[in-house]
Amino acid sequence: MQKDYSTKVRDKTAEIEFTVNGAKLKRKIPCSMLLLDLIRDELSLTGTKPGCNEGECGACTVLVNGFAVNSCLYPAVNIHGKKLTTIEGMLNGTKLDPVQEALIKYGAVQCGFCTSGMVMSIKSFQNICNNNKITPSRDEIKKSIEGNLCRCTGYVSIIEAIESLFTNI
Ligand code: FES
Ligand code: FES
């Protein structure tokens, strides 16, 4: 549903320039707009899911400059000059990202509501580990997804999928 930001911060707008999934964009947006609403309502990228809207469930997770943020808490104006990646940007041509392939291989997707946010959190964790040349322990893997709630899978298959990214099984 489109939000009426004009009643929150009257007439305050900002021009922002940013990259979304590789494409450069410019937008004039209300200063009070949240990134989740920019993504879904302005950019029509509805793969990013609204869940709790208070930073608890992780369904809204996207990457900013390669690292996970909860878009339901992130002011959209802060994306100015940055690189935003949503689940739609994880495709490489027609190829799924290895994170998505691993979740499928390990049967770690059921209803799918958490999945786009889960993929982005895992990708962020993979980026951190790769940047620091770390092979994470199982406990570190569990911790990496503590901000993403999944009501269906019981997490074991998700954890195994993440482990496979670091062990090439
Ligand atoms: S919708 Fe953002 S953390 Fe739940
Ligand atoms: S697969 Fe249903 S909430 Fe995670």
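Attention here is on the structure that accompanies the text. Note that this is a predicted model, so its numbers are computed, not measured.

**Some details on the sheet that holds strand β4 (residues 67-70)**
Piece 1. An order of β2-β1-β5-β3-β4 is seen for the 5 strands of this open sheet, with the pairing classed as mixed. Where the open sheet ends on each side, the last strands, each with one partner, are β2 (23-30) and β4. Sheet twist, expressed as the mean angle between neighbouring strand axes with direction ignored, is 40 degrees.
Piece 2. As judged from the 2 bridges shared by strand β1 (residues 13-20) and strand β5 (residues 83-85), these two strands associate in the parallel manner. Each residue of the ladder has a partner; that of T19, found in β5, is K83.
Piece 3. Docked against the sheet, helix α3 (residues 115-131) engages β3 (61-64) and β4, running at close to 35 degrees with respect to β3.

**Structural notes on the nonpolar core**
Piece 1. Membership of the largest hydrophobic core comes to 39 residues, with the highest contact counts inside it found for L34, L35, L103, M118, V119, I122 and I158.
Piece 2. Secondary structure elements with two or more residues in this core: α1 (35-42), β3, β4, α2 (98-105), α3 and α5 (156-167).
Piece 3. With 5 residues, α3 is the single largest residue contributor to this core.
Piece 4. Built from parts of two domains, this core gets at least three residues from each of domain 1 (5-89) and domain 2 (98-167).

**With respect to α3**
Piece 1. Its 17 residues give α3 an end-to-end C-alpha distance of 24 Å, which sits within 8% of 24 Å, the value for a rise of 1.5 Å per residue.
Piece 2. In terms of burial, α3 is a largely internal element, 12 of the 17 residues being buried.
Piece 3. Burial in α3 covers these residues: T115, S116, G117, M118, V119, M120, S121, I122, K123, S124, F125 and Q126.
Piece 4. On the buried face of α3, the contacting elements are β3, β4, α2, α4 (138-144) and α5.
Piece 5. Just beyond α3, the residue with positive phi is K133, at close to 50 degrees.

**Describing the packing of α2 against α5**
Piece 1. Contact geometry for α2 and α5: axes closest at 8 Å, N-to-C directions at 135 degrees. The angle between α2 and α5 falls in the class oblique. Regarding α2 and α5, the two cross each other, and that crossing is right-handed. Two secondary-structure elements touch here, α2 through P98, V99, A102, L103 and K105 and α5 through I158, A161, S164 and L165.
Piece 2. When grouped by side-chain class, the residues that make up the contact of α2 with α5 number 7 nonpolar, 1 polar and 1 charged.

**A short note on the pairing of β4**
Piece 1. Where β3 meets β4, 4 bridges bridge the pair, whose relative direction is antiparallel. The residue of β4 that forms the bridge with V62 is V69.
Piece 2. Taken together, β3 and the strand that follows it, β4, pair antiparallel across an intervening segment of 2 residues, in which N65 is found at a positive phi of about 50 degrees.

Calculation criteria
- Residues numbered from 1 in each chain as written.
- Chains lettered and ligands numbered in written order.
- Predicted model: local features only at pLDDT ≥ 70, side-chain atom pairs only at ≥ 80, totals over all residues.
- Pairing = 2+ DSSP bridges.
- Helix = DSSP H or I, 4+ residues; strand = E, 2+ residues; numbered from the N terminus.
- Axes fitted to C-alpha atoms, helices over the stretch in contact; angles between N-to-C directions.
- Contact = placed C-beta atoms within 7 Å.
- Core = buried A, V, L, I, M, F, W, Y, C linked by C-beta atoms within 7 Å.
- Buried ≥ 20, exposed ≤ 12 C-beta atoms within 10 Å, placed from the backbone.
- Domains from an automatic or database assignment.
- Expected span 1.5 Å × (residues − 1).
- Parallel < 35°, antiparallel > 145°, perpendicular 65-115°, else oblique.
- Left-handed = near helix turned anticlockwise from the far one by under 90°.
- Nonpolar A, V, L, I, M, F, W, Y, C, P; charged D, E, K, R; others polar.

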